[in-house]
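Structure assessment
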Amino acid sequence: MGTNLNHIGVLTSGGDAPGMNAAIRAVVRACTHYGIKVSGIQEGYQGLIDGNMDEMDARSVAHIINRGGTILQSARCLQFREKKGREKAHDNLKANDIDALIIIGGDGSFTGANLFSQEFDIPVVGIPGTIDNDIYGTDFTLGYDTALNTVVEAIDKIRDTATSHNRLFFIECMGRDAGFIALNAGIAGGATEILIPEDNKTLDDVVNKLEYSRSAKKTSNIVLVAEGDQLGDTFKLAEETQKKLPDHDIRVSVLGHIQRGGNPTCADRVLGSRLGVAAVEQLLHGHSGIMVGLRNDTVTTETLHDAITKKPGINRNLMHVADIVSL
Ligand code: ADP
């Protein structure tokens, strides 16, 4: 292909997400396929700064496609935010003869990657890895589908108790800035109400919906709350609702970190494989400062600048569907 790259480095950064291992595996095997060297950098940008990296081959990524987390480990690295830290990272890249980087992570990781690429003229390509699906330029990020299925499974289990005891459950799921998980898992899990940061439902809206639901003879109710919803803390929200609906038996369940882990679904494994191969091919074509993503089942690219600065929109039609099917 169009460049004389000899050696690519790959790292995972920020929050871990199922499917990252599939992407690492695909990067390593694509490098093997195209006859170039590849090194795995441990603990994200921290490993770049510490010089913690090793060459990999097709066999070093055996038996990982089915595993959650990341074999390269991840880290939040404060030093990389400073020019001095990035200079150290650059020195280590040079010392190891690495001439391009593939960064698997979220928008924070891409911000660092873009800066680093511009400062030191190092080609970089990003692969979106975050369970929240909140990256512009791709329909899906790595880990999102797995997290969705985890949340739906949890709702199904909680529903058994809700139904047996005529209870109302407030379930909090991940989504500090984006409601993709809550909206989709809420529809799939049959939630009565879904609260997401992109919407502006009030406490009265929630109470009215629950009152209607009782009058419609629903025996259990689930309100799925994305952690970043504007109504705030889920326990407080449950308390305020209890004051307005004193005859409801209300419980709260915060799903927490179980949403991050677990074996990746088929969709995440295939996505990681496609984006890993695409990232290597983009570098070999001489492209840099971009993210590979998937749109309409086609691998596409987006500038890192846009991936970082633009916000992916929530599908308003899904909100409409959620309102109708929850009656
Ligand atoms: P994510 O990639 O999941 O959004 P973070 O926001 O924690 O996760 O970012 C991961 C890492 O990327 C940070 O620990 C830091 O090393 C690097 N990073 C984030 N923002 C910047 C920035 N503005 N400049 C340089 N590096 C950054």
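Scroll up to find the structure this text is about.
Here goes a summary of the coordinates provided. It should be emphasised that the depicted structure is a prediction, and the values quoted were computed from it without experimental measurement.

The rules behind the values
- Residues numbered from 1 in each chain as written.
- Predicted model: local features only at pLDDT ≥ 70, side-chain atom pairs only at ≥ 80, totals over all residues.
- Heavy atoms only, no water.
- Near = heavy atom within 4 Å.
- Polar contact = N/O pair within 3.5 Å; in protein donor to acceptor, adjacent residues only side chain to side chain.
- 1 Å grid on protein atoms, 1.4 Å probe; cavity = no way out; pocket = protein on both sides within 12 Å on 5 of 7 lines; lining within 4 Å.
- Sits in = over half its atoms within 2 Å of the grid points.
- Core = buried A, V, L, I, M, F, W, Y, C linked by side-chain atoms within 4.5 Å.
- Buried < 20%, exposed > 50% of the residue type's maximum accessible area, 1.4 Å probe, protein only.
- Helix = DSSP H or I, 4+ residues; strand = E, 2+ residues; numbered from the N terminus.
- Domains from an automatic or database assignment.
- Contact = heavy atoms within 4.5 Å.
- Pairing = 2+ DSSP bridges.
- Points joined across faces, edges and corners; volume = space filled by probe spheres on them.
- Axes fitted to C-alpha atoms, helices over the stretch in contact; angles between N-to-C directions.
- Salt bridge = Lys/Arg side-chain N within 4 Å of Asp/Glu carboxyl O.

Considering the site of the ligand
Near the ligand, the surroundings consist of 15 residues, among which Arg76, Cys77, Gly106, Gly108 and Ser109 are the closest. At 3.3 Å, a backbone N or O of Gly15 approaches an oxygen atom of the ligand. Within the backbone of Gly108, a nitrogen or oxygen atom sits 3.0 Å from an oxygen atom of the ligand. In a pocket analysis with a 2 Å cut-off to the grid points, the ligand is assigned to the largest pocket.

Brief notes about the nonpolar core
In this structure, Ile8, Ile102, Ile104 and Ile127 are the most contacted members of the largest nonpolar core, which totals 63 residues. The dominant element in this core, judged by the number of residues it contributes, is helix 5 (residues 144-164), at 9 residues. Split by domain, this core shows at least three residues from each of two domains, domain 1 (7-143 + 264-309) and domain 2 (146-260). Not counting the four nearest positions on each side in its chain, Ile104 is found in contact with Val10, Leu11, Thr12, Ser13, Met20, Ala23, Ile24, Ile127 and Leu142. Ranked by size, the runner-up nonpolar core spans 23 residues in total, among them Met53, Cys77, Phe80 and Leu304.

Details of the pairing of strand 11 (residues 298-303)
As defined by bridge partners, strand 10 (residues 290-295) adjoins strand 11 across 6 bridges and the pair is classed as antiparallel. Of the residues in strand 11, the one forming a bridge with Gly293 is Thr300. The loop that links strand 10 with its antiparallel partner strand 11 comprises 2 residues; one of these, Asn296, has a positive phi angle of about 50°.

Re the layout of surface pockets
Any space left empty among the atoms is revealed by the rolling of a water-sized probe across them. Estimates place the volume of the largest pocket at around 810 Å³. Along the walls of the largest pocket sit 34 residues, with Arg76, Gly106, Asp107, Gly108 and Ser109 positioned nearest its centre. A per-element tally of the lining of the largest pocket places helix 4 (residues 107-120) first, with 6 residues. Taken domain by domain, the lining of the largest pocket gets at least three of its residues from each of domain 1 (7-143 + 264-309) and domain 2 (146-260). Here the second largest pocket is characterised by a volume of approximately 270 Å³. Residue lining of the second largest pocket: 17 residues in total, with Asn133, Thr138, Asp139, Phe180 and Gly313 positioned closest to the centre. In terms of residues, the lining of the second largest pocket owes the most to one element, helix 6 (residues 180-188), which gives 3 residues.

Comments concerning the environment of Asp306
Its place among the elements puts Asp306 in helix 10 (residues 304-309). Take Asp306: its relative accessible area is 18%, and that puts it in the buried class.

Some words on unusual backbone geometry
Although it is not a glycine, Asn166 sits at a positive phi angle of roughly 55°. Within the fold, Asn166 resides in the loop between helix 5 and strand 6 (167-173). Since its relative accessible area comes to 48%, Asn166 is described here as partly exposed. A positive phi angle, close to 50°, is found at Asn296, a residue other than glycine. Relative to the helices and strands, Asn296 resides in the loop between strand 10 and strand 11.

Comments concerning the sheet that holds strand 11
Within the open sheet, the 7 strands sit side by side as 3-2-1-4-5-10-11. Their pairing is mixed. The outermost strands of the open sheet, each flanked by one partner alone, are strand 3 (53-56) and strand 11. On average, each strand axis in the sheet is inclined to that of its neighbour by 30°, with strand direction left out of account. Of the strand pairs in this sheet, strand 4 (residues 100-105) and strand 5 (residues 124-128) are connected by 5 bridges, and their pairing is parallel. Across the sheet, residue Leu101 finds its bridge partner in strand 5, namely Val124.

Remarks on the sheet that holds strand 7 (residues 193-195)
Overall, parallel pairing links the 4 strands, which are arranged 7-8-6-9 in an open sheet. Of all strands in the sheet, those with a lone pairing partner are strand 7 and strand 9 (249-254), marking the two edges. With direction set aside, neighbouring strand axes in the sheet form an average angle of 15°. Sheet analysis places strand 7 next to strand 8 (residues 221-226), joined by 3 bridges and oriented parallel. Across the sheet, residue Ile194 finds its bridge partner in strand 8, namely Leu224. Helix-sheet contacts for helix 5 involve strand 6, strand 8 and strand 9, and the interaxial angle to strand 6 is about 160°.

Focus on the pattern of salt bridges
Taken as a whole and judged by the stated rule, the model has 13 salt bridges. The shortest N-O distance in the salt bridge between Lys37 and Glu55 comes to 4.0 Å. Linking Lys37 in strand 2 (residues 37-41) with Glu55 in strand 3, this pair joins segments that are 18 residues apart in sequence. With a closest N to O distance of 3.6 Å, Asp199 and Lys201 form a salt bridge. Given the relative accessible area of 17%, Lys201 is considered buried. Residues joined in a network through salt bridges with shared partners are Glu193, Asp199, Lys201 and Asp323.

So, to be careful, I would describe these as geometric facts and stop short of saying anything about function.
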